[in-house]
Every structure is written in C-alpha cells, then in structure tokens.
Amino acid sequence: MNIPEHSFDIIIVGAGGAGMRAALQLSRAGFRAALVSKVFPTRSHTVSAQGGITAALGNMDDDNWIWHMFDTVKGADYIGDQDSIEYMCRNAREVVYELEHMGLPFSRLDNGKIYQRPFGGQSKNFGKGGQATRTSAAADRTGHALLHTLYQQNLKYDTMFFNEWYTLDLVKNDNGAIVGVVAMCIETGELSFLKGRAVILATGGAGQIYKSTTNALINTGDGIGMVLRAGLLVQDMEMWQFHPTGISGSGVLVTEGCRGEGGYLVNCDGERFMERYAPNAKDLASRDVVARSISMEIREGRGCGKRKDHVHLKLDHLGEDVIKGFLPGIRELSITFANSDPIKTPIPVVPTCHYMMGGIPTNKSGQVITLDDNGKDVIVEGLYAVGECACVSVHGANRLGGNSLLDLVVFGRAAGDHFIANFSNFDNISLVSDANIEQAAGRFYDWNSKSGKMSIADIRQNMKIVMQNNFGVFRTGDVMKDGLKIIMKLKDDLKNACISDKSYTYNMLRVEAFELDNLISVAAAVALSANLRTESRGAHSREDYPKRDDKNWIKHMLVDASNNVYFRPVNENPTLVPAFKPVARTY
Amino acid sequence: MLISIYRYDYRLGNDYKMEDYTIDPDECDGVMLLDALNYIKANIDPSLNYRRSCGEGVCGSDAMNINGKNGLACITSLKNFKNKIILRPLPGMPVIRDLVVDLTNFYNQYKKVKPYLQNDDSISYEGERLQLKTDRKKIDGLYECILCACCTSACPSYWWNPDQFLGPAAALQSARFVKDSRDTKTHERLIELDNKFNIFRCRTIMSCTYVCPKGLNPSKAISELRLEMLHKKI
C-alpha cells in the first residue's frame, strides 16, 4: 500500500456553513487549514436554506437573547443541553453582525438595519408577550447568501480547498486520537492521507435516508458513518424533523418564512385549521406541531387535491409586492415544481423530512464526546464535529426555524477558536502507523473486491421506503420493530452488493457505494433509537406512547455501530441564567 | 422518450460517443430531467456520470447542454420535450467524463475579481453597520448567481479567450461588489478591470442572459461596469 501523505495543521471535512465558518476562523489566524469537500463548496446544502438566521437583534421589536433561549429550550421539548443553547443564543447577535461585515447581503429595513421576520416557536417575554420577530433574512435566499459569503471570505484568506474529494474515513492512531483522514480525489480515484493535528467534521445531514426529503442528494450522513466506524457514538438519532411545508410530490422546501410573512395553511374546506391545533401561535407554532396537524387533517380526509394527500399554503392575500420582494425564490420554486404561482393560487404542501436533530455528541467547543466504562463523558482527542452532523444538542427533540444557520456559524467559529487556543496540546500526529492509515482506506479496497449481485440503487431505494413508511411523522412500536428488522437485513445485503463500474475517472457509482455504507449506518441508528424511546417528545411522536414521560426520558440516548445503547444526562446548568424547567408545551 | 447522452472518459483516449436511452417518464421519481438521469443511473446504466446535488436549482451542480441550450437538469421539466432529448456537457470546457466538465478556469476567473467585500470598518457588536434599502436594492439581480457556469460556457467570447476574458459569471460578480455600497475599494476594482480583455471582450451577444437559469442579466451588468468606468473617468 502506498498512500501519499499531505500534512496540514487541521483538516475540515465538509464545506457547508459550519465547515467554512470553522475554516475561515483558522485560516484568518494563519493556520494551514485543509477544507475537504465532496462537492464544490457553494454546492453544499446550506445553499438551500431559505428563511433566515435567528438572533435577538431587536430590529423590529423588543427582544432579548434570554427569550430566544427560552423558546429554543421549549422548542427542543426539554432535551436540549441548556449550556449549549445559552452559548448559542448569547453569541447570536455577534455572529450575525460578523456575517454582515463579511458582506452577507441582508435585506434591509427603512432605517437601514437588518430585516427580520417572525418564525415559528418565537415569543417575547418567555411565551407571555406574543409573537417575536427574530429571524434575519436575505429575502428567501439566506442560506445561499451566507454560503457564498463564507466561500468568498475563505478565498480571501487562502484556505486550502480539496474540492470534489470524498473522505472515506478518519485515521485513528493506537491511542485512540484522530490524526487525519483518508480521502479520494473523485476526478482521478486516487487516495491520499490528509494529516492534521485535528479533524473537524462538518458533513451535514442525512435526509437521504428518507424517500421524500427536502435534503440534497449529497446529504448522506458521511460524518455519522465515519464516527460509528471509528467505534464512537451518535446521540438522539430518533429525532428527525419533518418540515410542515415541502411541495407535494417533489419534496422541495417552502420556507416557514411564508407563514412568517402572513401566509397560512388551509384544508379542503378552506378552513384555517391551525387555529384549532394551536390557538395562540396558529400557523407559527413549532414545526413538529404544525407537521402533526397537517398529517391529522390529511388522515381525517380533509386533505386537498384529487387524492386528498396534501394541504394548501395560501399566500395570495399578501399581495404581489410582498411575494416578489421577500419570497421571490419561493415563487420561482412553486411555479417550477407545483405549477402554481402563489400570487394567484395556493402552494400544495405536505410534511417532508428535513433535519436531523441528533448526531455526533459534542461539548460547546465542538469537541466530540464519547463515554468511558463508567458512563462518564470523555473527549475524543483530535476530533471536532459542528453543524447538522453534530449534536451539541441545541435542538433537542425539535429544532426551531432559523436556528440551524445560527448553529452552523456559532459552533463552527467556536470549534475554530478552541483549536487556535489549544493546538499545541494536539501532538499525536507523530504516532500514526501505516496500519492506522490502511484501516481508514479499507472501504476503498473492500468495494473494489466485492463481486455480489445486488445493486446499490435497489438497496438504497428499499431503505428509503422503509424509513419513510415505518419512521415517519407518527410512529408505533410494531411498525418500527418490523422496520428495524428490514434495515438490519439491508445492512447485511450490503455485503452482496458490488460496483459494476470500477473506473477511476469521476466514478460517481463508487462514491454512491461509499455513501450507501453511511446511509445504512444512519438508518440503523435511527431505527434502533426510535424503537427504544417509549414516549412522545418533540418530533418523535408515538401512537402507542402518546404522552411525554419526563420521569424516565429527560436524557440523551446514544448508540454505537454494534447496536449497544447508552444514556447521558441532559445539561440543565446554563452559566448566566437559571435553568428552564420542563412545563407542558402548548402554542 | 429517448435521451441521447454524450459519453466520454478523458483517460481512455477514445473519441466521445452518443449513447441512447429509452425511458418512460412515468417511471421516474419526479418530473424533471434530473429525475430521468437518476432513473437511468439507478436502473439502466450505473456508469453514467453527471454532477447533482440540491435538485431545486440553487446549488448549480447539474448544468449541462440540453438540446443545444445550457440549463439545469433539475429545473428542466420533461414535459418540455416531445420525444427526444440530446444531452451534452457544457460547451467550451474540457470534459472529464460524460457530462462532467473541468471548471477550474471558470473558478479562477471568479477568484480574479476579488469576489469578497473589501471594507476597513471594524466590527462593533453594539450597533450594526447600516445600509439604505435603496443601496441594498442595487445588488439585486447580482448576488443571486449560483456559479453554475451556464452563462460563461455559452459565451463565444469566452470560448476564444478563456484565459483573459473574465466571462459573464465573473463579470457579474465584479459588478456585485462594485455596486455594493459597503465596499470601499470600488475605484481600485474598476482600475483592475481596465484592459482590452477583462470585460471589453464582451460583444453583447447576450447568450449569457438567454441561458441564465436564475433569470439574471450578466450582459447588462457588464454594460453597467463600463458605464461606471466612464463616470469615474477610468
């Protein structure tokens, strides 16, 4: 084996919002940061974020970061870590101003300040002061504006990009420290060992485990797969957000900002049904609540269309100026994918898989956590995780809209800062052996030598259907038990799959095979965790256990690659404010 | 429906060939051309290669030449076609494999215009930097570019001088920063543009504007840059 080695201070895997924010922090401080991405950076999925980034700037109305914190803790249904949530909300203003200074083209108010719109689950005065207006936006293209701005800044500070390089696995030395990654250049099929004092995983979500999803085709949970194969843990994997408004049929996302601007949902009778389910917040209740309400309407026969399988999002009453001024991208998508111009006719929408609240457990500096034999937290040396692939646990059981972009930049920056302050302590790089590198390259050779008959596309399709049918908005024990069995069988089937095209030139089939390893790992972790959590909390809604069980279930669930299950307490120790205690969650 | 696709591998040294695939649009998982390509890769020919990601026209991965016109496969409806679709890689770019082209030069031209805000203000966390609504409006139609390369690869001037002419996409980015009221290097930016090639190789053919999947107008942006240079007496 002869794998060339390239040495850097730090390796960042993934060039979405979190990875690029981390890379920027490091490059700007003069570190040699290598940013490895399987797509050109501006193709990362952050680009699809629409509505905005939440921060209590108070540009439209009174606001306070502690109110933002309260809303986030409540939205998370009380299994979000309160120290992390506090850190995120407290730093929100600063990171948004920073982004503005980098050139992010925010929409503006008449007084020249950053435009903000109301989003779901936002309130003033701890839920008692009515709807807050807290989400800063660049029209309905905030993710695009943010991602391009971060890419531009990374160009300015000379981050070293490895674009269209696929990361196979983490390189772990004999002491258990992470010392780099093995990655493949997609264009040539060549492997390299990218060595660094630490690795930051920022590989994003895994929505491709579901059949209908707002997620891009590249969201295959690569970081989750890598961590599981390295013998580490993933946390809260049962928590998947279904966005209330994906365009029926295609699953394309329609931002919550539509409802923030005054749009609302109606059933086939033209009834504004959210008034029944959430009398106060109505259409701006939390996403899990709205998604369940839509599913109930459809289930009870009040869906729209010939097949009664969706509801309508009505925007026409907002007028042409609002739609063209603040929702131009949505109008474009609706015309393209639903053949409906929202200025005149409503958009057909249905709850669609959107966001993974769980992920790789970390502390608020992004350092990855695992458990020792006594169940105590231990830091994994040389490994960080940030963004959607991480579970620093600011989203708990349900994420609020606008908090994901915030999560990316706050914790991307925090991980960068932590490395800058501590890099001299990361001195494991001399201890890497050839065997460590070979192990990380193993998947490449395995797939080359496999000769089974099963097709990658078939296994993937079956997995997507099972996850969709058995682990959707509403879940029950029997159905999930069957689902878990099928997923485990599909995991076995992988041994009998092969790549029929073994070319080394831009071979996307090879990449899809690597991705499928990761997708199945994610699906198995989701299926296992969802089976075990015997209560309804946030996005995890069980018909056989319809109640929230605070006595037994205010805790994080962790699983490993061998289906072992562990638990961690939820952090209820914020530093500046008293913890928020669980109360009934109504909107 | 017949889809005829350009097949090539730079390492094999063979000439390209067109390969025909017959599909039933009803069997595809969606109504767009990208869904048809995904169907072909999953069910007919796993060795077919193309870039793809978001599937909704914002990431800019799946730009290709569709029946002679550049566009994004994910927002091109199959219903637009009667019975035959011919897919080729973006013109004027070296082909790596099948529909995948080498965009290195395209990205280098982008980098050349210093596509980042230049401003010496320090960040204050007490109050924000303001921008007038009317000033912000000046970069509408410029900041939305997704770098898909449809425009630049459709430009005959770029085909002739890809190393020296910026091409429509990079020129549009230049305009995005020249017109941003927060950027303090406007004059320097315009001086850097001042040679025979950078933007003056544009012959207003307007292929760029014709193909832009986001409805942007790089042609107009280039004219406005030239006007700006005139006003500033560069």
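Residues numbered from 1 in each chain as written. Chains lettered and ligands numbered in written order. Predicted model: local features only at pLDDT ≥ 70, side-chain atom pairs only at ≥ 80, totals over all residues. Heavy atoms only, no water.

A. Molecular detail of the interface of chain B and chain A. Taken together, the 60 residues of chain B in the interface contact 65 residues of chain A. Note on chain B versus chain A: buried area summed over both sides is about 5,300 Å², and carbon and sulfur give 51% of it. For chain B, the biggest contributors to the area lost against chain A are B:Glu56, B:Tyr125 and B:Glu128; these three give 13% of the whole. Applying the counting criterion to the chain B and chain A interface returns nine salt bridges. (Contact = heavy atoms within 4.5 Å. Buried area = accessible area lost by both parts, 1.4 Å probe. Salt bridge = Lys/Arg side-chain N within 4 Å of Asp/Glu carboxyl O.)

B. Here's a closer look at the packing of helix H14 (residues 477–493) of chain A against helix H15 (residues 508–532) of chain A. All names here are of chain A. Two elements in contact, H14 and H15, have axes separated by 9 Å at closest approach and are oriented at 155°. By the angle between their directions, the pair H14 and H15 is classed as roughly antiparallel. Handedness of the H14/H15 crossing: left-handed. Judged by residue contacts, Gly477, Met480, Lys481, Leu484, Ile487, Met488, Leu490 and Lys491 of H14 engage Ile520, Ala523, Ala524, Ala527, Leu528, Ala530 and Asn531 from H15. For the contact of H14 with H15, the class distribution of residues is 11 nonpolar, two polar and two charged. (Axes fitted to C-alpha atoms, helices over the stretch in contact; angles between N-to-C directions. Helix = DSSP H or I, 4+ residues; strand = E, 2+ residues; numbered from the N terminus. Parallel < 35°, antiparallel > 145°, perpendicular 65-115°, else oblique. Left-handed = near helix turned anticlockwise from the far one by under 90°. Nonpolar A, V, L, I, M, F, W, Y, C, P; charged D, E, K, R; others polar.)

C. Quick look at the sheet that holds strand E6 (residues 135–136) of chain A. Residue and element names in this part refer to chain A. The three strands lie next to each other as E4-E6-E5, forming an open sheet whose pairing is antiparallel. Among the strands making up the open sheet, the edge pair consists of strand E4 (53–54) and strand E5 (116–117). In this structure, E4 lies alongside E6, joined through two bridges in antiparallel fashion. Its bridge partner lying in E6, Thr54 is registered against Thr135. (Pairing = 2+ DSSP bridges.)

D. Seen up close, the nonpolar core. Of all hydrophobic cores here, the largest spans 131 residues; its most connected members are A:Ile53, A:Ile200, B:Ile3, B:Ile5, B:Leu87 and B:Phe106. With nine residues, helix H3 (residues 82–102) of chain A is the single largest residue contributor to this core. Composition of this core by domain shows at least three residues from each of domain 1 (2–101) and domain 2 (104–231) of chain B. The contact partners of B:Ile5, leaving out residues within four places of it in the chain, are B:Lys17, B:Met18, B:Glu19, B:Tyr21, B:Leu37, B:Ile40, B:Leu48, B:Leu87 and B:Leu99. In this structure, A:Ala34, A:Ile178, A:Ala183 and A:Ala441 belong to the second largest nonpolar core, which totals 88 residues. (Core = buried A, V, L, I, M, F, W, Y, C linked by side-chain atoms within 4.5 Å. Buried < 20%, exposed > 50% of the residue type's maximum accessible area, 1.4 Å probe, protein only. Domains from an automatic or database assignment.)

E. How the structure looks around the pattern of salt bridges. Residue and element names in this part refer to chain A. All chains considered together, the criterion is met by 62 salt bridges over all chains. Across the pair Arg134 and Asp71 runs a salt bridge, and its minimum N-O distance is 2.8 Å. Highlighted residues: Arg134 in the loop between E5 and E6 and Asp71 in helix H2 (residues 65–75), separated in sequence by 63 residues. Across this residue pair, the class does not change: Arg134 and Asp71 are buried. Through salt bridges with shared partners, a single ionic network connects Asp77, Glu238, Asp288, Arg292, Arg533, Glu535, Arg537, Arg548, Asp550 and Arg585.

F. Structural context of the pairing of strand E8 (residues 165–172) of chain A. Residues and elements named next belong to chain A. With seven of eight residues buried, E8 lies mostly within the body of the structure. Summarising the sheet, E8 and strand E9 (residues 178–185) pair through seven bridges and their orientation is antiparallel. Within the sheet, the bridge partner assigned to Thr167 lies in E9 and is Ala183. What sits between E8 and E9 in their antiparallel hairpin is a turn of five residues, with Gly176 showing a positive phi close to 85°.

G. Geometry of the packing of aromatic side chains. Per the counting criterion, the structure on display carries 27 aromatic pairs over all chains. Here the aromatic rings of A:Tyr166 and A:Phe514 are separated by 5.7 Å at their centres, their planes lie at 20°, and the arrangement is stacked. Of this pair, A:Tyr166 sits in strand E8 while A:Phe514 sits in helix H15, and the two are 348 residues apart along the sequence. One exposure class covers both A:Tyr166 and A:Phe514, and it is buried. Each ring, one from A:Tyr384 and one from A:Phe426, has its centre 6.2 Å from the other, and the planes form 35°; the classification is tilted. Highlighted residues: A:Tyr384 in strand E19 (residues 377–385) and A:Phe426 in the loop between helix H11 (403–422) and helix H12 (434–449), separated in sequence by 42 residues. Aromatic rings pair up to connect A:Phe40, A:Tyr151, A:Phe161, B:Phe106, B:Tyr107 and B:Tyr110 into one cluster. The ring of A:Tyr587 has A:Lys74 sitting right over it, with the charged end atom 4.2 Å from the ring centre. Above the plane of the ring of B:Tyr210 lies B:Lys69, whose end atom (NZ or CZ) is 4.2 Å from the centre. (Phe/Tyr/Trp six-rings, centres within 6.5 Å; stacked < 30°, edge-to-face > 60°. Lys NZ or Arg CZ within 6 Å of the ring centre and 35° of its normal.)

H. Representation of unusual backbone geometry within the structure. A positive phi angle, close to 45°, is found at A:Ala139, a residue other than glycine. If you check the backbone angles, B:Met206 has positive phi at about 70° while not being a glycine. Following the sequence through the fold, B:Met206 ends up in the loop between helix H6 (186–193) and helix H7 (207–211). Looking at B:Met206, the relative accessible area reads 38%, which means it is partly exposed.

I. Examining the domain arrangement of chain B more closely. All names here are of chain B. Assigned domains within chain B: domain 1 (2–101) and domain 2 (104–231). Between the C-alpha centres of domain 1 and domain 2 the distance comes to 29 Å. The partner domain 2 presents 15 residues to the 14 residues of domain 1 that form the contact. Summed over both sides, the interface between domain 1 and domain 2 buries roughly 1,000 Å², with carbon and sulfur atoms accounting for 66% of that surface. It is Lys69, Asn70 and Met93 that lose the most area in domain 1 upon contact with domain 2, and together they represent 42% of the buried surface on that side.

J. Molecular detail of the packing of helix H1 (residues 17–28) of chain A against helix H4 (residues 142–156) of chain A. Residue and element names in this part refer to chain A. Packing of H1 against H4 brings their axes to within 9 Å, and their N-to-C directions diverge by 30°. Accordingly, the angle class assigned to the pair H1 and H4 is roughly parallel. For the pair H1 and H4, the sense of crossing is left-handed. Contacts between H1 and H4 involve Gly17, Met20, Arg21, Ala23 and Leu24 from the first element and Leu146, Leu147, Leu150, Tyr151, Gln153 and Asn154 from the second. Residues of the contact of H1 with H4, tallied by class, amount to seven nonpolar, three polar and one charged.

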